[in-house]
Amino acid sequence: MIPMPSGVRVWLATGHTDMRKGWASLALLVQERFAQDPHSGHLFIFRGRRGDLVKIIWYDGQGSCLFMKRLERGRFIWPTPADGAVSISVGQMGYLLEGIDWRNPQKTWRPEAAG
């Protein structure tokens, strides 16, 4: 688990994003579409069209980080598509990354066996 400093906000980019983009392209989206600073220390989460892949960009004060998570089964719960961003808490982000509906926490699927 990555320790999050207090005061960090988590932003979900509503709609879908081209998952071929890297840190620089996603940071440019943060600046242009959301009028936010990608070097602010906040986390910005983007979801692909299929809904099973997210990318998170974060500037930790020393360098830029790009995290990616793909669900083996199911989809990430996402706000309705609209232009802009939605702010959620760090706790809700934890639910989101586990594949749990962060609006109403319940497991969506749990693997029974590996392979």
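Criteria and thresholds
- Residues numbered from 1 in each chain as written.
- Predicted model: local features only at pLDDT ≥ 70, side-chain atom pairs only at ≥ 80, totals over all residues.
- Heavy atoms only, no water.
- Helix = DSSP H or I, 4+ residues; strand = E, 2+ residues; numbered from the N terminus.
- Contact = heavy atoms within 4.5 Å.
- Buried < 20%, exposed > 50% of the residue type's maximum accessible area, 1.4 Å probe, protein only.
- Polar contact = N/O pair within 3.5 Å; in protein donor to acceptor, adjacent residues only side chain to side chain.

Under an unreviewed UniProt entry, the name given to the protein is IS66 family insertion sequence element accessory protein TnpB, and the source organism is Azospirillum oryzae.

So, on to the environment of leucine 29. Mapped onto the elements of the fold, leucine 29 is located in helix H1 (residues 23-34). Each C-alpha atom of the pair leucine 29 and histidine 16 lies 12 Å from the other, and the pair is 13 residues apart in sequence. Apart from the residues within four sequence positions on either side, leucine 29 is in contact with Thr17, Lys21, Phe34 and Phe46.

Here we come to the side chain of aspartate 52. In this structure, aspartate 52 sits in the loop between strand E2 (43-47) and strand E3 (53-59). In this structure aspartate 52 comes out as buried when scored by relative accessible area, which is 14%. A polar side-chain atom of aspartate 52 sits 2.9 Å from a polar atom in the side chain of arginine 50.

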